Amino acid sequence: MGSVTVPAFVPGAAARAAHAGRPCGSPVWAAHTRAPPDSCRTSPPDRRRLGGHITEAALFPSVSAIPPSAVTALIDAANTLGGALLVFDDQGRIVGANAQAAELFGLSRRGALPLPYAELRDQHAEFVGWLDASFAGRQATPFELNAACGGVPCWWTSVLTQAPASTDDAESARWWLWRAHDITAWRAPQRFVPEQAHMAALAESEARLRGVLDAGFDAVCVVRAVRSVDGTIRDFLILDANRLAGERAGMAREAMIGQPVLTVFPKSRDWGLWEECCRVLLTREPLETTHAAPIDDQPVRWLQRQIVPVDVESLAISSRDVTDRHVEQMAIAASEERHRQLFENNGAMQLLVDAETSLILDVNASAEAFYGWSRATMRGMYVTDLDAAPLEHWRTVVAKIAIGTGTRVAQDHRLATGERRRVETFLGVAEISGRRAVHIIVQDITDRAQAERRLRESEAQFRAVINGMREGVLLYDEAGVIRVCNPSAERILDIEASRLIGSEPSRIDWHAQREDGSTWPQDAPPGLVALHSGQSQMQQLMAIQRKDGETTWISVTAEPIVRNGESKAHGAVSVFNDVTETRASSERLQQMQKLEAIAQLAGGIAHDFNNLLTVITGATSFLRDSLDTESPLLEDIAAIERASERAEELTRQLLAVGRRQMLHTELVEMNHYLRELQPSIRELLPDAVELRYELSATPVAAALDRSRLGDAILALVANAGAAMPTGGVLTLTTQDVVCPHPHDHAVGARRRPYVVLAVQDTGAGMDDGTRARLFEPFFSTQPFGNSRGMGLASVHGMVHQSRGFIECDSVPGMGTTLRLFFPMSGTPQTVCAVEPRSESRQSSSGAVLVVDDDPMLRELGRRMIEKIGEFAFTAASGAEALAFLEQRAGDVSTVVTDLTMPDMGGLELIATLSERYPTIPVVAISGFTVQVGARAALDARQVPFVAKPFTIPELAQALAVARARHADSATR
């Protein structure tokens, strides 16, 4: 870069005049005076520090022959170039020193300057001797000084040069400069010639500096001010420049030397370079600026410029293209401002927190308003003051968050009022000035949390309700997809929830039928119809085919779900229940009502028919007795009697259908009875039919009329045999079960023990239509003329009169199973032993009173009594009979009464007779009774019973039994 010439200064006279007032542009005091450029006319202070390079004791005197500004400039130049510097006046006194020289000679201990150099003799005698010779002009050679620097021995090479105070006046006072450089690091053990070592050190130092400058990123120029005669700066000439400066100027570096800076850089005045150089030269303070410096091929360009004073008139100017960095910094500043605006003006509560300590660094206005503390207060708080969490928990949470990422945390925060609010915080971690900081965005979710809690509670209640419902529930969304189903829906439909939820009905393999047997479209269940039409679907009856092949009937009600204020449904709910049993019960009820009507009709017919048969058989008996044994009319009378017997059998069946039989119940053990009946059963079956018994391992008994039970079993066997004309298997099974009565529809109906008798065949079976009419009177699947009597209607009547019920299962082509359920009983009901018939007649001392509302039967009864050989009275009702007895009870030995009469029935009359006339025996007659348990009531009173139609011997036998029982009870 070349040597920097130390500039000349004004003569001593001019220097002294400067104290009185220098013209603007003349040298000023050292840089630490920090006087601005416009204060150049201000007088200097009396005392000042030497630019901070010497201790407090190194001060200038008030008046010196050498301008203090010149001394300060020399010291600054020495500091810039390196080494130690002493300034001597023309009297040999030290008037200035830089920090390096002050340390070498301990000037801070020797008092204020100026200081005679002879005072250094005590420690540096050789150096002082060299100075003596030099000041006397005896030598001008370099001097190698061995002195301590910072307590470490060092070697210095130094020279002493003399310069006039002004180049204009050679006779004016002169001053001396002593400069020294540290050569300790490269001093060889042998002694070099001092001047050669000095020059080598300078050359090496300059080469290193040149290499650094050329290799740097800054364009560097050293310029020197050119002044007018009056001291005004008129230009700056380039003394040196580095490679990058030449490239910036577009010329060789050597060509730039000696050129005015405005010539090389014509736009420098527009960039403020001239003003800045003047300022630094006047203030002696380095200056750094960043400013726009556009050029033709780079309209957007920013330079960072540093101007440093080198000596009194010289400056070092360095500039660097910082366009990219400045643009980036401007973008960063704009981004920071935007973020600051977002932070401050955002409606969301935001906090900036130290990651390590949880100290709140800053908050925005929304956070102030929410928490209730001022910003200043919150800046002294910790996040743990808000959430009451331990500091370690905070550190654990933050440590898991990588820089540039974040996490969400729901927690409770405390407000200034003491209230706790539920908040959701987003924690994002960033690095600011080398420390991890957490940016927290706070959202108050108290109302949302409460709403979500209420929603969860509502959903839980909804789930609990539908899961506890016996009805099936399906919930459809707006697209018709099933979103909710309950366990009852799975059970009723026999489809798993995993197949239902998330599926459309058309994609589920299910089959349904309407009540008329037509197929229900898979894509139009009631729920979807309600959704698409917006109309309620009420109690739609449909049959669902289950996986096991069974058919389940369900009743479906579907409702569209419509939001308030809207007309279009956004969902639908379908509620259905299994009505298979209800439907079966309804069908059974209808069948029962139909059979009840038939039974009423059959019972009424049978009652009147029995009365007529009684008259016919009685009259036939009288007619036979009136003829001799050779009469040709006896054959006709026998035909009448055979027809009467056939009619009597039909009447019993009608009574069974009408459940009006007088059942003589006793305890019947079913297994034993079937074994007794086996020969009769086998006789009814074709030879090709195999008979099997599958009887219960334990005895099973029921209170039944043994005779009527046998009739029912034989009727079932005959019906089963007719269903297997070419052979098969007939199986009779007994067992005991516990179940409710099918006609008991109450919830939680009582379960009762039953004896079950099952008759199963492998015949042709029945379809649903045939099975529905199975128990109708005279119904038969056999060809016309082949059926007998009332069919299975009498069996149905007998079972129901015994307080039981019948179940029928039949599949066409696979056979039929009929199960008879009878209430299980452990003890037989009270029955009267049937006395053996005796031809001997009990004598009577009075007449027989015949009570019947039918006049033909009264007359027939009277004639039968007289035929027996006794006298008879008659009465048309119970009341008339009681009235007669009040007058002539002593004339009556026995009362024969019908049980079925208007007003006072036979049982009521018997009860009254037992109270008023306990000595008169009673005989009951009837074709049927409307009173349940009539036979049991008769047995309890030991009243004999004769069923219509009856014969004269049967009536005589009953009279004898009644009188015998009465006599036995009287003797007891």
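So, how was this worked out
- Residues numbered from 1 in each chain as written.
- Predicted model: local features only at pLDDT ≥ 70, side-chain atom pairs only at ≥ 80, totals over all residues.
- Heavy atoms only, no water.
- Helix = DSSP H or I, 4+ residues; strand = E, 2+ residues; numbered from the N terminus.
- Buried < 20%, exposed > 50% of the residue type's maximum accessible area, 1.4 Å probe, protein only.
- Contact = heavy atoms within 4.5 Å.
- Core = buried A, V, L, I, M, F, W, Y, C linked by side-chain atoms within 4.5 Å.
- 1 Å grid on protein atoms, 1.4 Å probe; cavity = no way out; pocket = protein on both sides within 12 Å on 5 of 7 lines; lining within 4 Å.
- Points joined across faces, edges and corners; volume = space filled by probe spheres on them.
- Nonpolar A, V, L, I, M, F, W, Y, C, P; charged D, E, K, R; others polar.
- UniProt positions renumbered as here; feature names shortened; annotations may be inferred.
- Pairing = 2+ DSSP bridges.
- Axes fitted to C-alpha atoms, helices over the stretch in contact; angles between N-to-C directions.
- Phe/Tyr/Trp six-rings, centres within 6.5 Å; stacked < 30°, edge-to-face > 60°.
- pLDDT = per-residue confidence, 0-100.
- Patch = residues over 30% accessible without salt bridge, like charges linked within 9 Å, V, L, I, M, F, W, Y side chains within 5 Å.
- Areas by Shrake-Rupley, 256 points an atom, 1.4 Å probe, with all protein chains shown as cover.
- Salt bridge = Lys/Arg side-chain N within 4 Å of Asp/Glu carboxyl O.
- Polar contact = N/O pair within 3.5 Å; in protein donor to acceptor, adjacent residues only side chain to side chain.
- Parallel < 35°, antiparallel > 145°, perpendicular 65-115°, else oblique.
- Left-handed = near helix turned anticlockwise from the far one by under 90°.

Trainee: Can you help me understand the overall build of the chain in this one?
Mentor: Each helix and strand counted, the chain has 29 helices and 34 strands in total. Of all 972 residues assigned to the chain, the portion counted as buried reaches 45%. In the chain, the share of contacts with a sequence separation of at least 24, taken over all contacts with a separation of at least 6, comes to 57%.

Trainee: Looking at this structure, I do not really get the nonpolar core. What am I missing?
Mentor: Generally speaking, nonpolar side chains in soluble globular proteins are found buried as a group. Core analysis: the biggest nonpolar cluster contains 36 residues, and Met-670, Leu-709, Ile-713, Leu-730 and Phe-822 have the highest contact counts within it. Tallying contributions element by element places helix H22 (residues 706-722) first for this core, with six residues. Ignoring sequence-local partners within four residues, the contact set of Ile-713 consists of Tyr-673, Leu-674, Leu-677, Ile-681 and Leu-757. Residues Leu-86, Ala-102, Phe-105 and Cys-154 belong to the second largest nonpolar core, which totals 27 residues.

Trainee: What should I look at first to understand empty space enclosed by the protein in this one?
Mentor: Here the idea is plain: a probe the size of a water molecule rolls over the atoms and shows the empty space left. One pass over the full model with this rule turns up eight cavities of 30 Å³ or more. Quantified by volume, the largest cavity comes out at close to 210 Å³. If you go around the largest cavity, you meet 18 residues; those closest to its centre are Leu-474, Tyr-476, Leu-493, Trp-510 and Pro-525. Looking at the lining of the largest cavity, its residues break down into 16 nonpolar, two polar and no charged.

Trainee: Could you clarify how one ought to interpret the UniProt feature "modified residue: 4-aspartylphosphate" (unreviewed entry) in the chain in this entry?
Mentor: Taking the UniProt record as the reference, the feature "modified residue: 4-aspartylphosphate" (unreviewed entry) is found at Asp-898. Here Asp-898 shows up in strand S32 (residues 892-898). What makes Asp-898 buried here is its relative accessible area of 1%. Setting aside residues no more than four positions away along its own chain, Asp-898 makes contact with Val-851, Asp-852, Asp-853, Gly-906, Ile-925, Ser-926 and Lys-948.

Trainee: So what exactly am I meant to see when it comes to the sheet that holds strand S11 (residues 314-321) here?
Mentor: Pairing within the open sheet is antiparallel, and its five strands lie in the order S8-S7-S11-S10-S9. Of all strands in the sheet, those with a lone pairing partner are strand S8 (233-241) and strand S9 (287-292), marking the two edges. For this sheet, the mean inter-axis angle between neighbouring strands, taken without regard to orientation, is 30°. Alignment of strand S7 (residues 219-227) against S11, held across six bridges, turns out to be antiparallel. Bridged to Cys-221 within S11 is Ile-317. The strands touched by helix H9 (residues 273-283) are S7, S8, S9, strand S10 (302-309) and S11; relative to S8, the strand with the most contacts, the crossing angle is about 90°. Packing of helix H10 (residues 323-345) onto the sheet brings it into contact with S9, S10 and S11, and relative to S10 it is tilted by some 110°.

Trainee: Even after reading the chapter, I still don't get unusual backbone geometry, so can you show me in this structure?
Mentor: In most cases, non-glycine residues show a negative phi, while peptide bonds are predominantly trans. Of note in this structure, Asp-903 is not a glycine but carries a positive phi near 60°. Within the secondary structure, Asp-903 is located in the loop between S32 and helix H27 (906-916). With relative accessibility at 82%, the residue Asp-903 sits in the exposed group.

Trainee: For this particular structure, what's the right way to read the side chain of Thr-817?
Mentor: Following the sequence through the fold, Thr-817 ends up in strand S29 (residues 815-823). A relative accessible area of 12% places Thr-817 in the buried class. Those residues in contact with Thr-817, other than ones at most four positions away along the chain, are Val-759, Gln-760, Glu-807, Cys-808 and Asp-809.

Trainee: How should I be thinking about the pairing of strand S28 (residues 805-811) in this particular structure?
Mentor: The side chains of a regular strand alternate between the sheet's two faces. Judged from the seven bridges that link them, S28 and S29 form a sheet pairing that is antiparallel. Opposite Cys-808, over in S29, you have Leu-818 as the bridge partner. Connecting the antiparallel pair S28 and S29 is a turn made up of three residues, with Gly-813 showing a positive phi of about 85°.

Trainee: Explanation requested: the packing of aromatic side chains in the structure shown.
Mentor: For any pair of aromatic rings, geometry is given as the distance between the ring centres together with the angle between the planes. By the definition in use, this model includes twelve aromatic pairs. Judged by centre distance (5.1 Å) and plane angle (75°), the ring pair of Phe-236 and Trp-274 falls under edge-to-face. Of the two residues, Phe-236 is situated in strand S8 and Trp-274 in helix H9; the sequence distance between them amounts to 38 residues. With a relative accessible area of 1%, Phe-236 lands in the buried category. Measuring from centroid to centroid gives 4.3 Å for Phe-805 and Phe-821, while their planes differ by 10°, and the two rings are stacked. Taken together, the residues span a long stretch of sequence, with Phe-805 in strand S28 and Phe-821 in strand S29 at a distance of 16 residues.

Trainee: Hey, could you run me through the confidence of the model for the chain in this one?
Mentor: Do not read the predicted coordinates in detail wherever pLDDT is low. When pLDDT is averaged along the chain, the result is 78; 79% of the residues meet or exceed 70. When the criterion is pLDDT under 50, residues 1-65 qualifies, and its contacts beyond four places in sequence or with other chains add up to 123 contacts. Long-range and interchain partners of residues 827-843, a stretch whose pLDDT sits below 50, account for 22 contacts in this model, where long-range means more than four residues apart.

Trainee: How should a nonpolar patch on the surface be read in this particular structure?
Mentor: Together, Leu-612, Ile-616, Ile-640 and Met-856 make up a nonpolar patch on the protein surface, roughly 330 Å² of accessible area in all. The residue Leu-612 is located in helix H19 (residues 580-626) in this model. When its relative accessible area of 43% is taken as the criterion, Leu-612 is described as partly exposed.

Trainee: Explanation requested: the side chain of Arg-284 in the structure shown.
Mentor: Its location among the elements puts Arg-284 in the loop between H9 and S9. You can call Arg-284 buried: its relative accessible area is 6%. Only 2.6 Å separates the side chain of Arg-284 from the backbone oxygen of Asp-311, close enough to count as a polar contact. There is a polar contact of 3.3 Å between the side chain of Arg-284 and the backbone oxygen of Val-312.

Trainee: So what exactly am I meant to see when it comes to the pattern of salt bridges here?
Mentor: If charged atoms from side chains of opposite charge come close, those side chains can pair. Summed over the entire model, instances satisfying the criterion amount to 36 salt bridges. Here Glu-452 ties to Arg-448 by a salt bridge, and the two come within 3.5 Å at their closest N and O atoms. Note that Glu-452 and Arg-448 are positioned in helix H15 (residues 446-468) at a spacing of four residues, about one turn of the helix. When its relative accessible area of 35% is taken as the criterion, Glu-452 is described as partly exposed. Of the charged contacts in the structure, one is a salt bridge between Glu-859 and Arg-862, with a shortest N-O distance of 2.2 Å. In this pair, Glu-859 and Arg-862 are both assigned in helix H25 (residues 855-868), three residues apart and thus about one turn of the helix distant. One network of salt bridges, with partners in common, ties together Arg-408, Glu-424, Arg-448 and Glu-452.

Trainee: Would you explain the sheet that holds strand S19 (residues 512-513) in this entry?
Mentor: Remark on secondary structure: sheet strands pair via backbone hydrogen bonds, oriented parallel or antiparallel. A sheet is described by the order of its strands in space; here six strands give the open sequence S18-S17-S22-S21-S20-S19, paired in antiparallel fashion. Pairing within the sheet leaves two strands with one partner each, and these edge strands are strand S18 (482-485) and S19. Across seven bridges, strand S20 (residues 537-545) lies against strand S21 (residues 551-561) in antiparallel orientation. Its bridge partner lying in S21, Leu-541 is registered against Ser-555.

Trainee: I'm lost on the packing of helix H21 (residues 670-684) against H22 in this one. Help?
Mentor: Axis angle and axis distance: for two packed helices, these are the angle between their axes and the distance between the axes, and together they describe the pair. The geometry of H21 relative to H22 is characterised by a closest axis approach of 10 Å and an angle of 45° between their N-to-C directions. In terms of their interaxial angle, H21 and H22 are classed as oblique. Crossing of H21 against H22: the hand is right-handed. Contacts between H21 and H22 involve Met-670, Tyr-673, Leu-674, Glu-676, Leu-677, Ser-680, Ile-681 and Leu-684 from the first element and Arg-706, Leu-709, Gly-710, Ile-713, Leu-714 and Val-717 from the second.

Trainee: Is there a simple way to explain the environment of Gln-350 in this structure?
Mentor: In this fold, Gln-350 is placed in strand S12 (residues 349-354). Taking the C-alpha atoms as reference points, Gln-350 and Ala-367, 17 residues apart in sequence, are found 6.0 Å from one another. Contacts of Gln-350, omitting those with residues within four sequence positions, involve Leu-342, Phe-343, Asp-362, Val-363, Asn-364, Ala-367, His-439, Ile-440 and Ile-441. In this structure the side chain of Gln-350 is engaged in a polar contact, spanning 2.6 Å, whose partner is the side chain of His-439.

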